[in-house]
Amino acid sequence: MTKPRIFVTRRIPQEGLEILKRCCQVEVSDYDGVIPRSLLLEKVKDTDGLLVLLTDMIDKKVIVAAGKKLRVISNYAVGYNNIDVVEATKRGIMVTNTPGVLTETTADLAWALLMCIGRRIVEGDKLVRAGKFRGWEPMLLLGTDIHESTLGLIGFGRIGQAMARRAKGFNLKVIYYDREPVPPIIEKELGASYVSFDELLRKSDFISVHVPLTEETFHLIGQEEFSMMKKESYLINTARGPIIDEKALVKALKGGVIRGAALDVFENEPAIEQELMNLNNVVIVPHIGSASYRTRTKMAIMAAKNLISALRGERPEFLVNPEVLGKN
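Residues numbered from 1 in each chain as written. Predicted model: local features only at pLDDT ≥ 70, side-chain atom pairs only at ≥ 80, totals over all residues. Heavy atoms only, no water.

Regarding unusual backbone geometry
Piece 1. With an omega dihedral of 5 degrees, the bond running from E269 to P270 counts as a cis peptide bond.
Piece 2. Tracing the sequence through the fold places P270 in the loop between β11 (260-263) and α12 (274-277).
Piece 3. In the Ramachandran plot, H287 falls in the positive-phi region, its phi being about 50 degrees despite a non-glycine side chain.
Piece 4. Locating H287 in the fold gives a position in the loop between β12 (282-284) and α13 (293-311). (Helix = DSSP H or I, 4+ residues; strand = E, 2+ residues; numbered from the N terminus.)

Set out below in structure tokens:
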């Protein structure tokens, strides 16, 4: 019996690939970087399953190019805004993701960025490496206290709540905004209070973004929102880049509208507004929210198991479009 043909758009931890190789013909892209569009369209032809990354745009054209054999698109990520789920569902193709596994790891990074920008860690590192450290000075790189500040969380799902747990150890006041408040028992447990979006912007010393990218959250934070924030505030984003209007962020940072920002994601990733690169009051890291050995390996195993389950005609544990089951 011919094994199902799988294409993996980029090398992932070996543990995931080994699961696939036990029952599938597996081809892993050897392109060093995000696979070019033309190559992607060629490689997906006549595949039974795809294991893709958030950086791969799996739109209708790619789905059509794959052909009628395609049964599953397994996303190596929690978010799936890179996949045309509607089109996949129309064609009876399962779409899966890897939720939950990266919650704590991403919250770790968001917390690290918060502390880095507040206490000017990157600026200090650069100063020392440049040979400019002259010894202790009373006014050298004064930053902002983390403890007893107010943390505003935009989005209070798994990662937002993980941030609230970390904040308790620093005695921060935690406020949050989401479409709906969480049950009072969770608020009490995490010491968090629900507020309006505008109130969160006005009262927070640190604002951390934890919402998915949707039509409603695109440019959720722009010039008007920056004008509502404290001049002493900081913005942290480990969610999705387009949630923040990057050009408006540059203006806010340069004009002293807010004090600083720390970013793991960018509006036109991997391209970044050049002016951001030249500012000292912003910390920039290359989309590494889930980048720990343990978490990336768990993601690979989860993505592989999702894909295998779908090919066997089973319901994958993390199925994004359950309505597709009635089409198969």
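Focus: the pattern of salt bridges
Piece 1. This model, assessed by the stated rule, comprises 17 salt bridges.
Piece 2. One salt bridge in this structure joins D59 and R37, with 2.7 Å as the shortest N-O distance. Of the two residues, D59 is situated in the loop between β3 (49-52) and α3 (60-66) and R37 in helix α2 (residues 37-43); the sequence distance between them amounts to 22 residues.
Piece 3. Residues E87 and R91 are paired through a salt bridge, measuring 2.6 Å at the closest nitrogen-oxygen approach.
Piece 4. The class of E87 is buried, set by a relative accessible area of 8%.
Piece 5. Residues joined in a network through salt bridges with shared partners are E104, D108, R165 and R166. (Salt bridge = Lys/Arg side-chain N within 4 Å of Asp/Glu carboxyl O. Buried < 20%, exposed > 50% of the residue type's maximum accessible area, 1.4 Å probe, protein only.)

What to know about the nonpolar core
Piece 1. By size, the foremost hydrophobic cluster in this structure holds 29 residues, and its most contacted members are I154, I221, F226, L235 and L249.
Piece 2. Listed by contribution, the elements that provide at least two residues to this core are α9 (197-203), β9 (206-209), α11 (246-254) and β11.
Piece 3. Top contributing element to this core by residue count: α11, with 5 residues.
Piece 4. With 27 residues, the next largest nonpolar core counts I117, L151, A164 and V182 among its residues. (Core = buried A, V, L, I, M, F, W, Y, C linked by side-chain atoms within 4.5 Å.)

With respect to the sheet that holds β9
Piece 1. Spatially, β8-β7-β6-β9-β10-β11-β12 is the arrangement adopted by the 7 strands of the open sheet, whose pairing is parallel. On the outer flanks of this sheet lie β8 (192-194) and β12, each paired with one strand and no other. If you compare each strand with its neighbour and ignore which way they point, the axes differ by 20 degrees on average.
Piece 2. Seen against the sheet, helix α7 (residues 158-168) touches β6 (150-154), β7 (173-177) and β9 and runs at an angle of roughly 170 degrees to β6.
Piece 3. Across the sheet, α11 lies against β10 (234-237), β11 and β12, angled at about 140 degrees from β11, the strand it touches most. (Pairing = 2+ DSSP bridges. Axes fitted to C-alpha atoms, helices over the stretch in contact; angles between N-to-C directions. Contact = heavy atoms within 4.5 Å.)

Description of the packing of aromatic side chains
Each aromatic ring pair is characterised by the separation of its centres together with the angle its planes make.
Piece 1. Counted by the stated rule, this structure contains 6 aromatic pairs.
Piece 2. Pairing F206 with Y234 gives two aromatic rings, centres 5.1 Å apart and planes at 15 degrees, and the pair type is stacked. Taken together, the residues F206 in strand β9 and Y234 in strand β10 connect sequence positions 28 residues apart.
Piece 3. In this structure an aromatic cluster arises from ring pairing among F156, Y176, Y177, Y194 and F197. (Phe/Tyr/Trp six-rings, centres within 6.5 Å; stacked < 30°, edge-to-face > 60°.)

Section: α7
Piece 1. Listing the buried residues of α7 in full gives G160, Q161, A162, M163, A164, R166 and A167.
Piece 2. Along its buried surface, α7 packs onto α5 (103-118), β6, β7, α8 (184-190) and β9.

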